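What follows is the residue order along each chain.
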Amino acid sequence: MSRFFATGSDSESEESSSADEITPKATGTTFNKPTSGLRNKEAFTPNLILCCPLRFRFEELTNIIKTIRNAMKIRDMSKCLEEFEQLYRAFLKSKTIVDKEGVPQFYIRLLADLEDYLNQLWEDKEGKKKMNKNNAKALSTLRQKIRKYNKDFETEIASYKEVLNSSTNVISLCRCQDEESESDDDEDSEDWGSDSVDSGGESEDNEGAAASLAVVFLKKYKDGRRKRHKKIEQVEEEVDEDGEAEEGGWEKVKGGVPLVKEKPKMFAKGTEINSAVVIKKLTEILQARGKKGTDRAAQIELLHALSGISNENNLGQGILVKIKFNIIASLYDYNTNLAAFMKPEMWKKCLECIDELLDILFENNNIFIGENIAEDSENLAISDQPFRVRGCILTLVERMDEEFTKIMQNTDPHSQEYVDNLKDEGRVCGIIDRLLQYLESKGSTEEVCRIYLRRIMHTYYKFDYKAHRRSLGLQGETKSEQDQEESEGEDSAIIMDRLCKFIYAKDRTDRIRTCAILCHIYHHALHSRWYQARDLMLMSHLQDNIQHADPPVQILYNRTMVQLGICAFRQGMIKDAHNALLDIQSSGRAKELLGQGLLMRNMQERNAEQEKIEKRRQVPFHMHINLELLECVYLVSAMLLEIPYMAAHEFDARRRMISKQFHHQLRVGERQPLLGPPESMREHVVAASKAMKMGDWRTCHSFIINEKMNSKVWDLFPETQCVREMLVRKIQEESLRTYLFTYSSVYDSISMETLSEMFELELPTVHSIISKMIINEELMASLDQPTQTVVMHRTEPTSLQNMALQLAEKLGGLVENNERVFDLKQGVYGGYFNRGQYLAKIQLFEYLESEGAKKSQY
Amino acid sequence: MCFGPFPLHQTMASRKESAASGSSPLETPVKQIQIDGLVVLKIIKHYQEEGQGSEVVQGVLLGLVVEDSLEITNCFPFPQHTEDDVDFDEVQYQMEMMRSLRHVNIDHLHVGWYQSTHYGSFVSRALLDSQFSYQHAIEESVVLIYDPIKTAQGSLCLKAYRLTPKLMEICKEKDFSPEGLKKACIGFEIMFEEVPIVIKNSHLINVLLLDLQEKSTVADKHELLNLSSSNHLEKSLQLLMDRVDDMNQDIGKYNTYCRNLSKQQQQKQQYLQRRQQENTQRQSRGEPPLPEEDISKMFKPPQAPPRMDTLLIAGQVNNYCQNIKEFTSQNLGKLFMAEALQGHSS
């Protein structure tokens, strides 16, 4: 449990701690009250829970005792010994209580019995021989121990034995069965009574320990019986009364077992059901929460039943709210494992409950809820004053949202089930919306920020088709009425803007603001508002410090960057697109970085625990960014940048790659022994790149934009047509540049008109591109205005000259290296080696000179 | 590049008898090489038929040593064999060939081997090892290097090389460390010696050639006047650049070695000094000095990089440079001539 709360949302820890806190608080108050032997009805009822530690301790003891008795029956001495030691420890633990309450009778009884039993065994030589070694050893140890131990309780044991001896019956049998015998002994004689006295003493404690409410409630009607317990000596009188309470007694005995069987009898017949009773009952149920062996499903049902009862009896909304809170909390509790997700029926129930709770909250303005309302200052029943209920609806809803994510993560995304589950998203959003309204009027700013973020998280990744349509001005007459109604809602952009700005202004935790900014950027980018998105990204300075954020935020950041890159691409900002996508794509782990799946090859590197954590971080399928689209966008932008660059720097020795990944793809393409028509997206891009290298824009275009690529990639954009047009234009421009770079050496002059025809670009565009190239000194040429031609200067070095230059550079490096060897040796070691170098060098310079001379001949 | 044909000891023995009358074996045994036209043609034909691009063809030379000249009278090609036929026995093949040739009364004495080259790149470890084993077994052996590209440009390029005695010694000792090479005082320029070649034909063939020369048209000789140069130069430059890169790497390696060595020397010195100081202190205190430890064990000298490869690379670079120089000077001449012609005609 604690682990869960440590890692899970804090909402839960609130819930649970409210339940857990009871124990320590209770201890404090219990002993202030003079409860020791004289618990009367008044003291008992309201402070029922306060007896908890006592009960708990005694329950522990009785449980152990039971085991010991069982072990005694089967003569399992080692078990006996083990349990006895446990018992001893448990007894020490409850020392404080024992000091107050006196040594419990059942404990003394056990000690006495055990000693007798051991002695008896000890005498039985035959039996001892039959025992196995372990048991025999345990027997002697135990015997010694108990002898020593019992010295502390000598007087008590003596008095107990006295009572025992007063009856002549053999009691060992009864003792073994005393748990059962207690209730059916009304016709029995006195000696039975003596036994039932003891068991009565025990059962009193028993009943306290049991979490059974029924028992407790029943108890109230058994005053007489209770008194009897207080006065143990009045044995005979009690016997008859015991008979009266027979039915109750029957129930009581079962206190230790789970509550399920008592379900139909929440309250005994005829009880006046008022809020105090219901609250008490509720607390009782909650006591069992988180304990081992508690049937969680049953608990949920119990709570439901309780809410039904309180509804029937009109106990007021306060209680109902309280119960609802607890139902939801128990629903969340149902799975102890953090990785497990809710069952569909649980989930449905949970949604309903939250809906109902919200209904109540909306209907009743006088209910105050909050996690900071102390347990004792709660006001559940008194309807004149405003209700005060402890609990936080926000955390519940947040948890619900997380559960929803978990369900989506754990559903196969390609199944109908996923679609069905996804339909619940509407409800989740609805709940969040309602809570948002509620908190806007009642909650603190922090709470509002939190719920805003939830709202944002459910909005940012969705493309607002309505707004898109509206912006295109299409919604007019062709749309049906329903569509129009739909489109009347607020644009998601406006909502995002409003919510995010509120968070920017009011939020004090960094995380919420960061998330909000990222979502805002994502939303902008998704809707092609490139400049807003970019400015927001730059203003937030997230790029500098995102590495300090926690992984989910980093995933969100990666998603945002990718979306930003894709947006830039749609807008035709190829360079920006490339830069934004570079980080994600170059690692080759885009899938992992976006939280859209785990990479297989990393399996060895992480253990099961890490894998679980990573799995929990995965983004649900419906929020995924298409990886193929992402890669295609990246590769195409890399192509548009890289191919002209490669053409321009063909002979540059120190040419750097713009995109490693793109080069990798090119190399893969080259390695293919047989080049068929492209199949995959990558092959298409590679084929297009090859065409572009030759300046063949038509082929390039046909490779990038065709049926296959449309269906794979381009149709996924909302403004498909615009993107395609942009792409064609970019391809034409870049092909023109590539063409000029590659073939300028062949031309003396080119007519711009020819170029504009070749690349189907308007003359001014061609003019501007060439001018830009000339200005950037990429193209050594000048424009001849009257004839509209480009006159090449032919000053670029030929390939031979380029090579000679490269060689000269390399030789420079060689000489430098050689000098270094020289420096080290300081001329001491001047042998064959250096001479050779210099000769080679001299010859090379000779050659270069001759080369230069030759050139001058032309 | 695969190893050349294997020299056969059996043939060496037979050669010794025949060449016993020749020059003393201590001096350079071969001053001149006389090659039959037949051998040249056979080598050219071999390359034409089997060698493509940068692939190398090899074969065995047969002949006799007459006084201080080596007469190469016949040759046979070595088959290109791939990795697939492992069971191909080279020695067996050579023996068979020579035996068969002997039956038809052809010189069957092994005097060396030939190899084609691609843009003058032949100075390699493989060639060195192969030629070493030849010269080790048969002192007069030569390696003929045939450059088909230059030949295609109009001038037959066939060169005979031998390892210098110095290099032979080093190879024998297999000491390629920097010190060893330094001691031997060997540089890349004295690794190989070129032996002059004379091509000798029978009178009848000479007559035929003269006859053919008269008949041949001017156009057949035009390739000699080809002015284009950049292709050849580019290729040569590319190869040269690769070698320079290799050289650079080697120097880098050597550099780190030197640095490590000097660093260790320093450490060693420091250690010795400290030890000495300690000892003097101990002596003044009257204690026995510390025992001398084996310092060479404590400071293991770093592994020196073998320098032979560097030497070979340098030789190869030299070779390229020579080739380029030759080529460019020829081309320059041609260009001047063309310019003069142009000026004359216009």
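Residues numbered from 1 in each chain as written. Chains lettered and ligands numbered in written order. Predicted model: local features only at pLDDT ≥ 70, side-chain atom pairs only at ≥ 80, totals over all residues. Heavy atoms only, no water.

As annotated in an unreviewed UniProt entry, chain B carries the name Eukaryotic translation initiation factor 3 subunit H and comes from Cyprinus carpio carpio. A UniProt comment under Subcellular location (unreviewed entry) is attached to chain B, and it reads "Cytoplasm". Quoted verbatim from the Subunit (unreviewed entry) heading of the UniProt record, the comment on chain B is "Component of the eukaryotic translation initiation factor 3 (eIF-3) complex, which is composed of 13 subunits: EIF3A, EIF3B, EIF3C, EIF3D, EIF3E, EIF3F, EIF3G, EIF3H, EIF3I, EIF3J, EIF3K, EIF3L and EIF3M." (UniProt positions renumbered as here; feature names shortened; annotations may be inferred.)

For chain A, an unreviewed UniProt entry supplies the name Eukaryotic translation initiation factor 3 subunit C and the organism Cyprinus carpio carpio. In the Subcellular location (unreviewed entry) part of its UniProt record, chain A is described as follows: "Cytoplasm". Under the Sequence similarities (unreviewed entry) heading, UniProt states for chain A: "Belongs to the eIF-3 subunit C family."

### Comments concerning the overall build of chain A
Looking only at helices and strands, one finds 44 helices and five strands in chain A. Counting all 858 residues of chain A, 49% fall into the buried class. Once local pairs closer than 6 in sequence are excluded, the contacts in chain A between residues at least 24 apart make up 67%. As displayed, chain A offers around 42400 Å² of accessible surface, 52% of which is attributable to carbon and sulfur atoms. (Helix = DSSP H or I, 4+ residues; strand = E, 2+ residues; numbered from the N terminus. Buried < 20%, exposed > 50% of the residue type's maximum accessible area, 1.4 Å probe, protein only. Contact = heavy atoms within 4.5 Å. Areas by Shrake-Rupley, 256 points an atom, 1.4 Å probe, with all protein chains shown as cover.)

### Here we look at the overall build of chain B
Looking only at helices and strands, one finds eleven helices and eight strands in chain B. Relative to its full complement of 346 residues, chain B shows a buried share of 42%. Counted over contacts in chain B with a minimum sequence separation of 6, partners at least 24 positions apart contribute 77%.

### Some remarks on the sheet that holds strand S6 (residues 158-163) of chain B
All names here are of chain B. Across the sheet, which stays open at both edges, the eight strands sit in the order S7-S6-S5-S4-S2-S3-S1-S8 with mixed pairing between neighbours. For this open sheet the edge positions go to strand S7 (192-195) and strand S8 (197-200), each flanked by a neighbour on one side alone. Taking each pair of neighbouring strands and ignoring which way they run, the sheet shows an average axis angle of 35°. Strand direction decides the pairing type here: strand S1 (residues 32-36) and S8, joined by four bridges, are parallel. Note that in S8 the partner of Gln34 across the bridge is Val198. Lying over the sheet, helix H3 (residues 90-103) contacts strand S2 (58-66), strand S3 (69-77) and strand S4 (110-116), oriented at roughly 110° with respect to S3. (Pairing = 2+ DSSP bridges. Axes fitted to C-alpha atoms, helices over the stretch in contact; angles between N-to-C directions.)

### As for helix H42 (residues 763-775) of chain A
Residues and elements named next belong to chain A. Taking 1.5 Å per residue, 13 residues should reach 18 Å; H42 reaches 18 Å between its end C-alpha atoms and fits that length. Within the span of H42, buried status applies to Thr765, Val766, Ile769, Ile770, Ser771 and Met773. Contacts made by the buried residues of H42 are with helix H40 (720-743), helix H41 (752-758), strand S4 (781-784) and strand S5 (789-792). Phi turns positive one or two residues past the end of H42, at Glu777, with a value near 60°. (Expected span 1.5 Å × (residues − 1).)

### Some remarks on the packing of helix H20 (residues 317-333) of chain A against helix H21 (residues 344-363) of chain A
Residue and element names in this part refer to chain A. It is the contact of H20 with H21, at a shortest axis distance of 10 Å, that shows an interaxial angle of 155°. It follows that H20 is roughly antiparallel to H21 by the angle criterion. The handedness of the crossing between H20 and H21 is left-handed. Across from Gln317, Leu320, Val321, Lys324, Phe325, Ile327, Ile328, Leu331 and Tyr332 in H20, the residues of H21 making contact are Met346, Lys349, Cys350, Cys353, Ile354, Glu356, Leu357 and Ile360. Counted by class, the contact of H20 with H21 contains 13 nonpolar, one polar and three charged residues. (Parallel < 35°, antiparallel > 145°, perpendicular 65-115°, else oblique. Left-handed = near helix turned anticlockwise from the far one by under 90°. Nonpolar A, V, L, I, M, F, W, Y, C, P; charged D, E, K, R; others polar.)

### Focus: the packing of helix H38 (residues 697-704) of chain A against H40 of chain A
All names here are of chain A. Between H38 and H40, the shortest axis-to-axis distance is 9 Å and the interhelical angle comes to 145°. In this structure, H38 meets H40 at a crossing whose hand is right-handed. Here Trp697, Cys700, His701 and Ile704 of H38 come into contact with H40, specifically with Leu727, Val728, Ile731, Gln732 and Ser735. Here the residues of the contact of H38 with H40 sort into six nonpolar, three polar and no charged.

### Looking at the nonpolar core
Counting 153 residues, the largest nonpolar core has Phe569, Met639, Ile704 and Trp714 of chain A as its most contacted members. The dominant element in this core, judged by the number of residues it contributes, is helix H35 (residues 627-648) of chain A, at 13 residues. Dropping the residues within four chain positions of it, Phe569 of chain A is found in contact with Ile574, Ala577, Val633, Val636, Ser637, Trp714, Phe717, Val723, Met726 and Leu727 of chain A. The next biggest cluster of nonpolar side chains, apart from the first, holds 57 residues, and it includes Leu800 and Leu814 of chain A together with Phe122 and Leu233 of chain B. (Core = buried A, V, L, I, M, F, W, Y, C linked by side-chain atoms within 4.5 Å.)

### Looking at the sheet that holds strand S3 (residues 749-751) of chain A
Residues and elements named next belong to chain A. Pairing is antiparallel across the open sheet formed by three strands, whose spatial order is S3-S5-S4. Edge strands, defined here as strands with exactly one partner in the open sheet, are S3 and S4. Each adjacent strand pair in this sheet contributes to an overall mean axis angle of 20°, direction not counted. The pairing of S3 with S5 spans three bridges and is classified as antiparallel. In the sheet register, Ser749 faces S5, and the bridge partner there is Val791.

### A word on the packing of aromatic side chains
For any pair of aromatic rings, geometry is given as the distance between the ring centres together with the angle between the planes. Under the counting rule described, the total for this entry stands at 19 aromatic pairs over all chains. With centroids separated by 5.7 Å and ring planes inclined at 65°, the aromatic side chains of Tyr739 of chain A and Phe759 of chain A adopt a geometry described as edge-to-face. Of this pair, Tyr739 of chain A sits in helix H40 while Phe759 of chain A sits in the loop between H41 and H42; the two residues are 20 residues apart in sequence, bridging distant segments of the chain. Owing to a relative accessible area of 0%, Phe759 of chain A belongs among the buried residues under this scheme. Site record: aromatic cluster; members linked through ring pairs are Tyr739, Tyr743, Tyr747 and Phe759 of chain A. Lying over the aromatic face of Tyr254 of chain B, Arg307 of chain B brings its terminal NZ or CZ to 4.2 Å of the ring centre. (Phe/Tyr/Trp six-rings, centres within 6.5 Å; stacked < 30°, edge-to-face > 60°. Lys NZ or Arg CZ within 6 Å of the ring centre and 35° of its normal.)

### Examining the pairing of S4 of chain B
Residues and elements named next belong to chain B. In terms of residue burial, S4 counts as a mostly covered element, since seven of its seven residues are buried. Sheet analysis places S2 next to S4, joined by five bridges and oriented antiparallel. By the bridge assignment for S4, Leu62 is matched with His110. With five bridges connecting them, S4 and strand S5 (residues 142-146) associate as parallel partners. What sits directly across from Gln115, in S5, is Ile145. Taken together, S4, helix H4 (residues 125-137) and S5 form a β-α-β motif whose crossover is right-handed. (Right-handed = clockwise from strand over helix to strand, strands pointing away.)

### Comments concerning the side chain of Thr151 of chain B
All names here are of chain B. With respect to the helices and strands, the residue Thr151 is situated in helix H5 (residues 148-152). Exposure remark for Thr151: the relative accessible area of 18% places this residue in the buried category. Those residues in contact with Thr151, other than ones at most four positions away along the chain, are Tyr146, Leu156 and Cys157.

### Quick look at the pattern of salt bridges
Counted by the stated rule, this structure contains 38 salt bridges over all chains. With a shortest N-O distance of 3.4 Å, Glu733 of chain A and Arg729 of chain A are connected by a salt bridge. Taken together, the residues Glu733 of chain A and Arg729 of chain A, both in helix H40 and four residues apart, mark about one turn of the helix. For Arg243 of chain B, the salt bridge identified is with Asp246 of chain B, shortest N-O distance 3.4 Å. Here Asp246 of chain B and Arg243 of chain B lie together in helix H9 (residues 230-285), a separation of three residues that amounts to about one turn. (Salt bridge = Lys/Arg side-chain N within 4 Å of Asp/Glu carboxyl O.)

### Section: unusual backbone geometry
Residue and element names in this part refer to chain A. You will see that Ser528, though not glycine, has its phi angle at about 60°, which is positive. By the secondary structure assignment, Ser528 is in the loop between helix H28 (510-526) and helix H29 (530-540). At Glu777, a residue that is not glycine, the phi angle is positive and equals roughly 60°. Structurally, Glu777 can be placed in the loop between H42 and S4.

### Considerations on the environment of Leu675 of chain A
Residue and element names in this part refer to chain A. Among the structural elements, Leu675 can be located in the loop between helix H36 (660-671) and helix H37 (681-693). Sequence separation between Leu675 and Ala687 is twelve residues, and the spatial gap between their C-alpha atoms is 9.6 Å. Ignoring any residue separated from it by four or fewer positions in sequence, one finds Leu675 in contact with Gly669 and Lys690.

### Regarding the confidence of the model for chain A
Residues and elements named next belong to chain A. Per-residue confidence for chain A gives a mean pLDDT of 73, with 69% of residues at or over 70. Of all secondary-structure elements in chain A, the lowest mean pLDDT belongs to helix H3 (residues 22-30), at 39, while H42 reaches the highest, 91. Every residue in residues 1-51 is under pLDDT 50, and counting partners more than four places away or in other chains gives 68 contacts. Within the model, pLDDT remains below 50 along residues 168-265, and this stretch shows 130 contacts once partners closer than five positions in the same chain are excluded. (pLDDT = per-residue confidence, 0-100.)

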